[in-house]
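Examination of the molecular architecture
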2 protein chains.
Amino acid sequence: MARLISLGENAHPVLREVMAALMPHAGKAHIVGITGAPGVGKSTSTNALVTALRQRGKRVGVLAIDPSSPFSGGAILGDRIRMSEHSLDSEVYIRSMASRGHLGGVSWATPQAIRVLDAAGCDVIIVETVGVGQSEVDIAGLADTSLVLLAPGMGDGIQAAKAGILEIGDIFVVNKADREGAEATVRDLRHMISLGDRTEPGLWRPPVLKTVAADHDGVDEVLDAVEKHLEWLRSHNILGQRRLRRAADEIEAIAMQTLRQRMGDLRSGHRLADLAQYVLDGRVDPYAAADDLVASLVEP
Amino acid sequence: MARLISLGENAHPVLREVMAALMPHAGKAHIVGITGAPGVGKSTSTNALVTALRQRGKRVGVLAIDPSSPFSGGAILGDRIRMSEHSLDSEVYIRSMASRGHLGGVSWATPQAIRVLDAAGCDVIIVETVGVGQSEVDIAGLADTSLVLLAPGMGDGIQAAKAGILEIGDIFVVNKADREGAEATVRDLRHMISLGDRTEPGLWRPPVLKTVAADHDGVDEVLDAVEKHLEWLRSHNILGQRRLRRAADEIEAIAMQTLRQRMGDLRSGHRLADLAQYVLDGRVDPYAAADDLVASLVEP
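Residues numbered from 1 in each chain as written. Chains lettered and ligands numbered in written order. Predicted model: local features only at pLDDT ≥ 70, side-chain atom pairs only at ≥ 80, totals over all residues.

Our focus in this paragraph is the overall build of chain A. Within chain A, the regular secondary structure consists of 13 helices and seven strands. Out of the 300 residues belonging to chain A, those deemed buried represent 46%. When contacts within chain A are restricted to residue pairs at least 6 apart in sequence, long-range pairs at least 24 apart make up 77% of them. (Helix = DSSP H or I, 4+ residues; strand = E, 2+ residues; numbered from the N terminus. Buried ≥ 20, exposed ≤ 12 C-beta atoms within 10 Å, placed from the backbone. Contact = placed C-beta atoms within 7 Å.)

Laid out in structure tokens, this is it:
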């Protein structure tokens, strides 16, 4: 699995065949995204969820995505130490991935890594990412069910609204709920959610749950909510819609990657240099040259 | 000019015709990039250079690019106040631009703004940007002559080497040279440059100059070096090469923008949704779907 995921990260030429071969075996896993600000306890929560999933007999994959790291494949020390209790469990696969890089970030390598874990028979795949800027929204696009983690005093409802997480969360979890202010954060969140547009009948009303993930407190309830959400997605035919949008995202990311690759190839050839000379000579304008370039990209 | 530059920033549909019409009038200006860390005195130096250029009878354009700002067109208050001594001079045009945004940043709007100023008869166009991350390298790609500003104690040679600015600078200026440590910074820089690969005969050896831009001290010498560099570019036929590369960059940026636009159009149509459904049904793999998408991008 590690090697297959690395193929995706490095855009190896054999990737295409590999992914095509995996296709018939994928499509069964429940993709669960976990996001939250630094310090809310994402790794600890992931760890506790993995334990709870194992108790229910599930095979679990974890992709820990670090949007700020240029490194990949290796262990993020602090996180991985905390996950070490699962390291000898053959039914748990944990992998760190970097999302930054020249290959288009989360949108490029993650769907392929998910497919690898999916085809390997993982029942649940947890995609964990730090909530910084755009990345949590990208992850929400990849997941069937998005968990948003908060901690008391770190994210009250208004901050959550500002950060745009009210829209992406299917389940909200206030972790470190033994700390002061936990009740206020829960109340705040519930209030903000009640003001949103998710209160119509038939729509999923995101629950706000409390955990102390370090003690595994409340984690089973989170898992119940995750399973309930999957049932809801299925019964309302939304799972198919989400997966359709995800497939479209992936196709788009591969297409952009193909185009960037071809653009790079053109730079080393004569076509772009010729066009640049025509522009400098005033024979064509840069827009007409760009049209020509776009045509060359498709028929290289 | 302001309206023409805004057309470029907003990717207005009429842009193409406008740029084509400007082409025959552009290509004469000397593009001078100024970059440096926050606090080295970029705005003050730009202001002093504008004054010196006006004394030599030059028409001057200034594009102040703020890579961190989502805003554009308006004034960056502190900077623009310092520039206000030129605000009544009809031979000076000053404009702030944001580089961040959905349209591809510096690479997209700046070349077009440069063309507008160029066609308007500016002899020299100063492109000023904060040296943060990749942006100064991008600016160096846009400029005929790149000035790198440092201040004593802020950037010694080793830091400059780390930041990659030794490679992009054609002229190094240690501003605030009346402060302690200026001589050491100059010596350090000269040493680092002497270790570089620019000491071969015929290659441009970047000078390291000292200024107190707030008092206009040393600014004439900087301008002399700028003009000398232009002469060197011309006599070694490097000006043409730099402009060729710049034209290629611009064509590439327009092409990518065109493709992103078409990708957006496809999302609102049926093609991508159909392909996504085929992928979900297992009838095609995402790579084959992406190939199809790429073809649709060119023949929409």
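Note on backbone geometry: most residues besides glycine have negative phi, and most peptide bonds are trans. Residue Asn237 of chain A is not a glycine yet carries a positive backbone phi of 60 degrees. On the secondary structure map, Asn237 of chain A appears in the loop between helix 10 (219-235) and helix 11 (238-268). We classify Asn237 of chain A as exposed; it has 8 C-beta atoms within 10 Å. The phi angle at Lys176 of chain B is positive, at roughly 55 degrees, despite the residue not being glycine. Tracing the chain through its elements places Lys176 of chain B in the loop between strand 6 (171-174) and helix 9 (182-195).

The next point concerns the environment of Met23 of chain B. Mapped onto the elements of the fold, Met23 of chain B is located in the loop between helix 2 (15-22) and strand 1 (30-36). Since 18 C-beta atoms lie within 10 Å of it, Met23 of chain B is described here as partly exposed. Sequence separation between Met23 of chain B and Asp118 of chain B is 95 residues; the distance between their C-alpha atoms is 9.4 Å. If we ignore the near neighbours within four places in the chain, the residues touching Met23 of chain B are Gly282 and Asp285 of chain A.

So, on to the relation of the copies chain A and chain B. With an RMSD of 0.1 Å, chain A superimposes on chain B once it is rotated by 180 degrees and translated 0.1 Å along the axis. Taken together, the rotation and translation relating the two chain copies correspond to the operation of a two-fold axis. Of the residues that chain A buries at the interface, 100% are likewise interface residues in chain B, meaning the two copies contact each other through the same surface. (Least-squares fit on C-alpha atoms with pLDDT ≥ 70 in both.)

If you look at the biggest cluster of nonpolar residues, it comprises 57 residues, and the most contacted ones within it are Val32, Ile125 and Ile126 of chain B. Sort the elements by how many residues they give to this core and helix 5 (residues 106-119) of chain B lands first, with six residues. Ignoring anything within four residues of it in the chain, the contact list for Ile126 of chain B reads Val32, Ile34, Thr46, Leu49, Val60 and Val62 of chain B. Counting 56 residues, the second-largest nonpolar core is a separate cluster that includes Ile94, Ala119, Leu147 and Ala213 of chain A. (Core = buried A, V, L, I, M, F, W, Y, C linked by C-beta atoms within 7 Å.)

Another point: the interface of chain A and chain B. Taken residue by residue, the interface counts 34 residues in chain A and 34 residues in chain B. Those elements that place two or more of their residues in the side of chain A that touches chain B are helix 2 (15-22), helix 11, helix 12 (271-280) and helix 13 (286-298) of chain A. By residue number, the principal contributor to the side of chain A that touches chain B is helix 11 of chain A, which donates twelve residues.

Next up on the list: the packing of helix 3 (residues 42-55) of chain B against helix 10 (residues 219-235) of chain B. Residues and elements named next belong to chain B. At a minimum axis distance of 9 Å, the contact between helix 3 and helix 10 shows a crossing angle of 70 degrees. By the angle between their axes, helix 3 is roughly perpendicular relative to helix 10. Residues Ala48, Leu49, Ala52 and Leu53 of helix 3 pack against Val219, Asp220, Val222 and Leu223 of helix 10. Looking at the contact of helix 3 with helix 10 residue by residue, the classes come out as seven nonpolar, no polar and one charged. (Axes fitted to C-alpha atoms, helices over the stretch in contact; angles between N-to-C directions. Parallel < 35°, antiparallel > 145°, perpendicular 65-115°, else oblique. Nonpolar A, V, L, I, M, F, W, Y, C, P; charged D, E, K, R; others polar.)

Consecutive side chains along a regular strand alternate between the two faces of the sheet. All names here are of chain B. Of the two faces of strand 6, the one lined by Ile171 and Val173 and the one lined by Phe172 and Val174 are each fully buried. Looking at chain direction, strand 5 (residues 145-150) and strand 6 are connected through four bridges and run parallel. Following the sheet pairing, Leu147 is matched in strand 6 by Ile171. Of the strand pairs in this sheet, strand 6 and strand 7 (residues 208-210) are connected by three bridges, and their pairing is parallel. Counted as the bridge partner of Val173 is Leu209 from strand 7. (Pairing = 2+ DSSP bridges.)

Further remarks concern the packing of helix 11 of chain A against helix 12 (residues 271-280) of chain B. In contact at an axis separation of 8 Å, helix 11 of chain A and helix 12 of chain B are set at 105 degrees when each is read in the N-to-C sense. The orientation of helix 11 of chain A relative to helix 12 of chain B falls into the category roughly perpendicular. Every residue of helix 12 of chain B that contacts helix 11 of chain A at Arg243, Leu244, Ala247, Ala248, Ile251 and Glu252 of chain A is listed here: Leu272, Ala273, Leu275, Ala276, Gln277, Val279 and Leu280 of chain B. When grouped by side-chain class, the residues that make up the contact of helix 11 of chain A with helix 12 of chain B number ten nonpolar, one polar and two charged.

Caution applies to low-pLDDT parts of the model: their predicted coordinates are not meant to be read in detail. All names here are of chain A. Chain-level statistics for chain A give a pLDDT mean of 81 and a share of 80% at 70 or above. In the model, residues 69-78 has pLDDT below 50 throughout and makes 16 contacts with residues more than four positions away in sequence or in other chains. Predicted confidence is poor over residues 132-136, with pLDDT under 50, and the contacts of this stretch with residues over four places away or in other chains come to eleven contacts. (pLDDT = per-residue confidence, 0-100.)

Residues and elements named next belong to chain B. In this model helix 3 runs 20 Å from its N-terminal to its C-terminal C-alpha over 14 residues, within 8% of the 20 Å that 1.5 Å per residue would give. All of the buried residues along helix 3 are Lys42, Thr44, Ser45, Thr46, Asn47, Ala48, Leu49, Val50 and Leu53. Downstream of helix 3 by a residue or two, Gly57 has a phi angle that is positive, lying close to 80 degrees. (Expected span 1.5 Å × (residues − 1).)

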